[in-house]
Amino acid sequence: MTGILRPTSAQRAALKVIQIAAVAVVLAALPAPLFQLDRYTLPKELVLGAAALLAGLLCLASARRLSVMAVDAPIAGFLLITALSALLATNGWLAFRALGVSLAGATLFWCARTLTRAGMRGPILASLALAIVLGAATALGQAYGLLDTSLASLSRAPGGTFGNRNFMAHLVAMGLPLLLFLAVEARGRLRFTLAAAGVAIAAAALVLSRSRAAWLGTGLGATFLVIEGLWIGRLWADDHLRRRVLQLTGVGLAGLALAIVLPNRLNWRSDSPYLDSLTGVTNYKEGSGRGRLIQYGNTLDMAAHHPVLGVGPGNWPVFYPRFMSPGDPSYDADDFIPTNPWPSSDWVAIASERGFLALALLAFAGISTALGAWARLRLRPAADPALTDVTIVATLIVLAVVGSFDAVLLLP
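A. Looking closely at the environment of Ile337. Assignment of secondary structure puts Ile337 in the loop between α12 (316-323) and α13 (346-354). Between the C-alpha atom of Ile337 and that of Ala126, which follows or precedes it by 211 residues, the distance is 40 Å.

B. Quick look at the nonpolar core. Among the nonpolar cores identified, the biggest contains 89 residues, and Leu115, Met168, Leu179, Leu206, Leu208, Leu248 and Ile350 are the most heavily contacted of them. For this core, the element with the highest residue contribution is helix α6 (residues 165-185), accounting for twelve residues. Ignoring anything within four residues of it in the chain, the contact list for Leu206 reads Ala169, Val172, Ala173, Leu176, Ala214, Trp215 and Thr218. Counting residues in each nonpolar core, the second largest holds seven residues, with Leu377, Ala386, Val390 and Ala394 among its members.

C. Representation of the pattern of salt bridges within the structure. For the structure shown, the criterion picks out six salt bridges. Linking Arg97 and Asp38 is a salt bridge whose minimum nitrogen-to-oxygen distance equals 3.5 Å. With a gap of 59 residues between them, Arg97 in helix α4 (residues 92-117) and Asp38 in helix α2 (residues 38-62) connect regions that are remote in the sequence. A residue is classified by how much of its surface remains accessible, and Arg97, at 17% relative accessible area, is buried. Of the residues examined, Asp38 reaches a relative accessible area of 33% and is grouped as partly exposed. Between Arg97 and Glu45 there is a salt bridge whose closest N-O contact spans 3.0 Å.

D. Highlighting the side chain of Glu353. Along the chain, Glu353 falls in helix α13. As a buried residue without a salt bridge, Glu353 has its nearest oppositely charged side chain in Arg354, at a separation of 4.5 Å. One polar contact links the side chain of Glu353 to the main-chain amide nitrogen of Gly314, over a distance of 2.9 Å. Those residues within four positions of Glu353 in sequence are excluded, and the remaining contacts are Ser85, Leu309, Gly310, Val311, Gly312, Pro313, Gly314, Asn315 and Trp316.

So, how was this worked out
Residues numbered from 1 in each chain as written. Predicted model: local features only at pLDDT ≥ 70, side-chain atom pairs only at ≥ 80, totals over all residues. Heavy atoms only, no water. Helix = DSSP H or I, 4+ residues; strand = E, 2+ residues; numbered from the N terminus. Core = buried A, V, L, I, M, F, W, Y, C linked by side-chain atoms within 4.5 Å. Buried < 20%, exposed > 50% of the residue type's maximum accessible area, 1.4 Å probe, protein only. Contact = heavy atoms within 4.5 Å. Salt bridge = Lys/Arg side-chain N within 4 Å of Asp/Glu carboxyl O. Lys, Arg positive; Asp, Glu negative; His and termini not counted. Polar contact = N/O pair within 3.5 Å; in protein donor to acceptor, adjacent residues only side chain to side chain.

By themselves, these observations are geometric and do not establish any function.
Next up, the structure:
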């Protein structure tokens, strides 16, 4: 194929690093209940950082030339502002931890793109899909008593090796379009069966999570797939694709139904927990919805007072007590650490911690990528289904939604 280069030995080694890290970052956790969040985030950050460093060096060693794309400029600008903000931050430890996550994420993105050009797209996507399914499986393992309880946090079950059901659900929701893509594109019955099993596991974990942001993101992503892929993209007219879509729909619904029907060890306080979460998806007048609105307003006030470089990556909890309002549920005076490590939104977090320009650059990178894929989708002839572009846009839609209601890009 035009534009695909023969992989070097260094690039093959970089591929192995990314494949191993994709699984390791999901499974990494420590059995130390005294450190509820750090026992999950710190091991994952170490895996992410080590993988980015090693894969980055291997890709640079094999580079014949550096190819720069339009999306790289806003990403580089975002990282530069983040680094400057970290240098001036009040709490340097928190700042450089957050900077490390951003740098590692961007490095792995660039490495994956380099390896894709060398013809390694399939192995990369397969390893990411495996990581997503394993993450969902650890949540199911906790729900049904199969996961070692020393690794699972009981306060945010079923989070599996993420320690928080929302974190697990957000990753699975963002990975679901990839699982569907691999299933639809699979060559051979065995690959399709494996991908379909992954879809069922992901669907079961999503429903058990009761994560309203993940449910909303999945719904909007699925709506885009149906409208742009099946209807406007005319994929429904293809007999082979139509059969697979119907099979995957059945498998996903079966996974969802089994998760609801089978008895589990989750101690929900309500007699109808899943229905309660579904009906409360858009509830902003009480509970966590109202708390988020209060927190967003106070955090934007923080951003307005530090508009250029923000208060520093990871430094939101250091400054938030100065901006909280009376009765703010985000602040617990009786807790040793009175606030969460992050606000309940990537977008207000980045604005407050790194400034409005950093937020604009990151948003531009995501929006331009989505619009570019959407344009390619619309320009393709009906006989040439753009499954990759549909998947890219659907994934970014889910990311935009879940990132609006919780920390996602800030996590390893």
